[in-house]
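What the coordinates show
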Amino acid sequence: MERKRVVVSAPGKVILFGEHSVVYGKLAVAAAIDKRLFISLEENNEGTIAIKLEGFEREDKLVVLDIVSLPSFSKKLFENLLEIEWNVKDTTNGGLSKPPCFLSSSFQDFLSQGGNKDSWMKNIEEYLESHSSYLSATQAVRAAVFLFVICYLTILVYSKETENTKGLSVTVQSQIPVGAGLGSSASFSVALITSLLVFSGDIHSQQLSEDISGALKESINRWAFVCETFLHGTPSGMDNTIATFGGFLSYRNGKKETFQVHSDILRFIVVDSGVPRSTQKMVSQVRQRYQQFPQIISPILTCMDEIAIQFTHSAASSLVSDIFSQQLAMLMKTNHHLLNAMGVGHPLLEDIISIAQQFGFEGAKLTGAGGGGCAIILIDYGKSIEHVDKLLNTLHSTPHSYRCFEIVLGGTGVQIHHQTS
Ligand SMILES: Nc1ncnc2c1ncn2[C@@H]1O[C@H](COP(=O)(O)OP(=O)(O)O)[C@@H](O)[C@H]1O
Ligand SMILES: C[C@@](O)(CCOP(=O)(O)O)CC(=O)O
């Protein structure tokens, strides 16, 4: 008999306008890209949860957890904590329930108290730390494994009481560089939640493809937001929204609007500076600046809002392609300078952007949280393939050997590729 197996993927994203300002309720514009993260869950008989992160931080990482003690351990934990009856399925609106409040509030408490000793999360950490492969893992791997275990307990163990799971092999493969501004954490969160919900039988692949913009994707998105809160602290919710729904989105205060733009006008190269940074750190750095100098940072945020609004107007109007391209380049350049003024730039991002300008590519900016990570360069309307190749070769042959690739915008949101039960 074929073993129970589920494979799910979610796309990465680029933010065209409005990173950081979106955290303060300003408009942002983002698009899904043709780079995806895949999660596969497969039953095994080995009495373990084996989590393999392929090519993570350029090498494979494997964390193996004992599954035998997990259900009894977690049931005890939940019994002490919960007085509410809770079920994943929300039969009233055909979607899924909101993430249980204990989950979201515990994430917040855990983060704000730097790991409160009485928190049930602390107990999970103790369980995880009894495994050598977890103890020796990097912080980024630990965060991913911790999140997996919390979601696994909440969706599979607590709601179903599946004490008979014999083991689980989890494999994560990703085409999205980690911590580079292309939304790897949101893709991970969305794919993780969806894979567990499919594995638990709470959603079926057919349901998801038929219900593209419906209640189900809204539910997945809500759950993924809680996961993003765990990984980031105070996310705007835009990254998980784009990873769930795909396409092009403008986003403000939890409200999304989809729009269409001709992809032959919106052509971009992504260049990875190779400088690692954490979104959580960059967001809190901006917050500190905002709290210290509100009169200075507020107008910058307002300008960013206006830039994103102007872009949506230009995209909706029937401007001829080269005029639109020129406007877009100007808006990108201005947005980038404003991000620098907020302190989220990096010398290597400036190096990339100045190389682009030497080749006549004026529209370039950092994308995502900044402080390193990726820049995007607009391939202006009418630029020849040879011209683009020259730019790519030059970027690649600098002492920093920048990794660069052209992206296709507007990719599909979360997808289920395989399901056997
Ligand atoms: N392929 C992956 N496998 C497991 N976890 C991942 C993967 N990619 C990203 N993550 C999680 O997301 C975190 C990176 O988040 P973040 O700093 O916001 O970067 P990004 O800008 O790429 O979203 C990692 O530390 C890890 O916990
Ligand atoms: C800086 C921010 O606007 C985007 C962060 O994107 P990324 O995690 O760097 O891919 C934060 C957010 O929207 O939550």
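Cut-offs and rules
Residues numbered from 1 in each chain as written. Chains lettered and ligands numbered in written order. Predicted model: local features only at pLDDT ≥ 70, side-chain atom pairs only at ≥ 80, totals over all residues. Heavy atoms only, no water. Near = heavy atom within 4 Å. Polar contact = N/O pair within 3.5 Å; in protein donor to acceptor, adjacent residues only side chain to side chain. Areas by Shrake-Rupley, 256 points an atom, 1.4 Å probe, with all protein chains shown as cover. Helix = DSSP H or I, 4+ residues; strand = E, 2+ residues; numbered from the N terminus. Nonpolar A, V, L, I, M, F, W, Y, C, P; charged D, E, K, R; others polar. Domains from an automatic or database assignment. Core = buried A, V, L, I, M, F, W, Y, C linked by side-chain atoms within 4.5 Å. Buried < 20%, exposed > 50% of the residue type's maximum accessible area, 1.4 Å probe, protein only. Contact = heavy atoms within 4.5 Å.

Surrounding ligand 1, one finds 22 residues, the nearest of these being Gly179, Ser184, Ser185, His232 and Thr279. Contact distances for ligand 1 include 3.1 Å between an oxygen atom and a backbone N or O atom of Ser185. Within the contact set of ligand 1, an oxygen atom lies 3.2 Å away from a side-chain nitrogen or oxygen of Arg277. For ligand 1, whose accessible area on its own is 560 Å², the fraction buried by protein is 92%. For the shell around ligand 1, the secondary structure elements donating two or more residues are β3 (48-56), α5 (139-158), β7 (168-174), α6 (184-199) and α8 (215-232). Along the lines of polarity and charge, the residues of the shell around ligand 1 split into 12 nonpolar, nine polar and one charged. Taken together, domain 1 (5-258 + 411-420) and domain 2 (268-406) each give at least three residues to the shell around ligand 1, which thus spans both.

Soluble globular proteins: nonpolar side chains tend toward being buried together. Counting 121 residues, the largest nonpolar core has Phe148 and Phe311 as the members making the most contacts within it. Counting residues per element, this core draws most heavily on α5, which supplies 13 residues. Looking at this core, you find at least three residues from each of domain 1 (5-258 + 411-420) and domain 2 (268-406). The residues contacting Phe148, other than those within four sequence positions of it, are Leu41, Ile49, Ile51, Leu168, Val170, Leu192 and Leu196. With six residues, the next largest nonpolar core counts Ile15, Ala30, Met238 and Tyr251 among its residues.

Limitation: the analysis is restricted to geometry and does not speak to function.
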